[in-house]
Amino acid sequence: MSRPALPFGRLLTAMVTPFKADGALDLDAAAELATYLVEEMDNDALVISGTTGESPTTTDAEKTELLRAVVDAVGDRAQILAGVGTFATDHTIHLAREAAAAGAHGLLVVTPYYSKPPQLGLLAHFNAVADATDLPILLYDIPHRSGVEIATDTLIRLAEHPNIAGVKDAKGNLVESSRVMAATDLAYYSGDDAITLPLMSVGGVGLVGTSTHFSGRAAKQMMVAFSEGRVEEAVALHRRLEPTFTGVFATQGCILVKAGLGLMGRPVGGLRSPLPSATDEQTDAFAACLRRSGLL
């Protein structure tokens, strides 16, 4: 079995979800934000309803509405991945099928969280979701949020499924990630902006970013430079962007993304409880990060 080297392109952004003043989805703002991310930030694909999109606080119906709005806005020039992972296999399969019907080009499926299933449970869960549609799947390995990692042996076994195309890697273990890449042709995308270049050095192909709401074009230049052998240029870009790569995670990423978009004249509303809006101090600190990176 041979997979595409770049199944979702080089750069993806996990898009925040815009809300109106009354807390309802702002679908017009979502379409405008998606257009900006594709046209100005040079994204090859967008992830809708990931954690950065506040998926724990949106309903299934809202997820479908949001997905359709983004597909209609930019689906002809970028791939749109739907975040469908939950802690229940049946619910994840339901969301996967709804996303396929709404026009998604792929699925992001996070490790079932809180219940901490054993590896045999993870294997069965991911294979069942992969069987449910024909869409390519990006597994999301983020143990510091989900409570359990996808072990190396499990990832190697999951690579046998033709619909599992790659991994969004936020495990922070380059040794184990490199072992999976050596044993499979899964496409590895960094799930931590600042680790993108180190991951590429052992075989990674791209980034599913959060700070890329602002750093996207330069982050893509960094990845392309490295892939073309211009290592010094890539390292220089990494060092320039590092304050923003890391600064966006000073608190939950979606909080500072929304604050930063407001600073740039692209307000997308507030956040749903229990997430608060950024404080003035947090906003000022992130603005300083953006300035250090030459992005504000």
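Note that the structure is a prediction, hence the values are computed from the model and not measured. (Residues numbered from 1 in each chain as written. Predicted model: local features only at pLDDT ≥ 70, side-chain atom pairs only at ≥ 80, totals over all residues. Heavy atoms only, no water.)

## Concerning the UniProt feature "site: Part of a proton relay during catalysis" (unreviewed entry) in the chain
So, step 1. Here, UniProt's "site: Part of a proton relay during catalysis" (unreviewed entry) annotation points to Thr51 and Tyr114. Lining residues of the largest pocket, restricted to the annotated ones just named, are Thr51.
So, step 2. Relative to the elements of secondary structure, threonine 51 occurs in the loop between strand 2 (45-48) and helix 2 (60-74).
So, step 3. By the secondary structure assignment, tyrosine 114 is in the loop between strand 4 (106-110) and helix 4 (119-132). (UniProt positions renumbered as here; feature names shortened; annotations may be inferred. 1 Å grid on protein atoms, 1.4 Å probe; cavity = no way out; pocket = protein on both sides within 12 Å on 5 of 7 lines; lining within 4 Å. Helix = DSSP H or I, 4+ residues; strand = E, 2+ residues; numbered from the N terminus.)

## Concerning unusual backbone geometry
Excluding glycine, most residues fall at negative phi; most peptide bonds, likewise, are trans.
So, step 1. Across the junction of serine 273 and proline 274, the peptide omega takes the value 20°, indicating a cis bond.
So, step 2. By secondary structure assignment, the location of proline 274 is in the loop between helix 11 (253-263) and helix 12 (280-292).
So, step 3. A positive phi angle, close to 65°, is found at aspartate 42, a residue other than glycine.
So, step 4. Here aspartate 42 shows up in the loop between helix 1 (27-39) and strand 2.
So, step 5. Phi is positive for glutamate 54, which is not a glycine, with a value near 60°.
So, step 6. Mapped onto the fold, glutamate 54 is located in the loop between strand 2 and helix 2.

## So, the sheet that holds strand 4
So, step 1. With parallel pairing, the eight strands of this closed barrel are ordered in space as 1-2-3-4-5-6-7-8. When the angles between neighbouring strand axes are averaged without regard to direction, this sheet yields 25°. (Pairing = 2+ DSSP bridges. Axes fitted to C-alpha atoms, helices over the stretch in contact; angles between N-to-C directions.)

## What about the layout of surface pockets?
So, step 1. Its boundaries defined by the atoms lining it, the largest pocket holds a volume of some 900 Å³.
So, step 2. Taken together, 48 residues make up the lining of the largest pocket; nearest its centre are Thr51, Thr52, Tyr140, Ile142 and Arg145.
So, step 3. Every element with two or more residues in the lining of the largest pocket is listed here: helix 2, helix 3 (89-101), strand 4, helix 5 (143-146), strand 6 (164-169) and helix 11.
So, step 4. Here the lining of the largest pocket takes four residues from helix 5, the largest share from any one element.
So, step 5. Classifying every residue of the lining of the largest pocket by side-chain character gives 20 nonpolar, 19 polar and nine charged. (Points joined across faces, edges and corners; volume = space filled by probe spheres on them. Nonpolar A, V, L, I, M, F, W, Y, C, P; charged D, E, K, R; others polar.)

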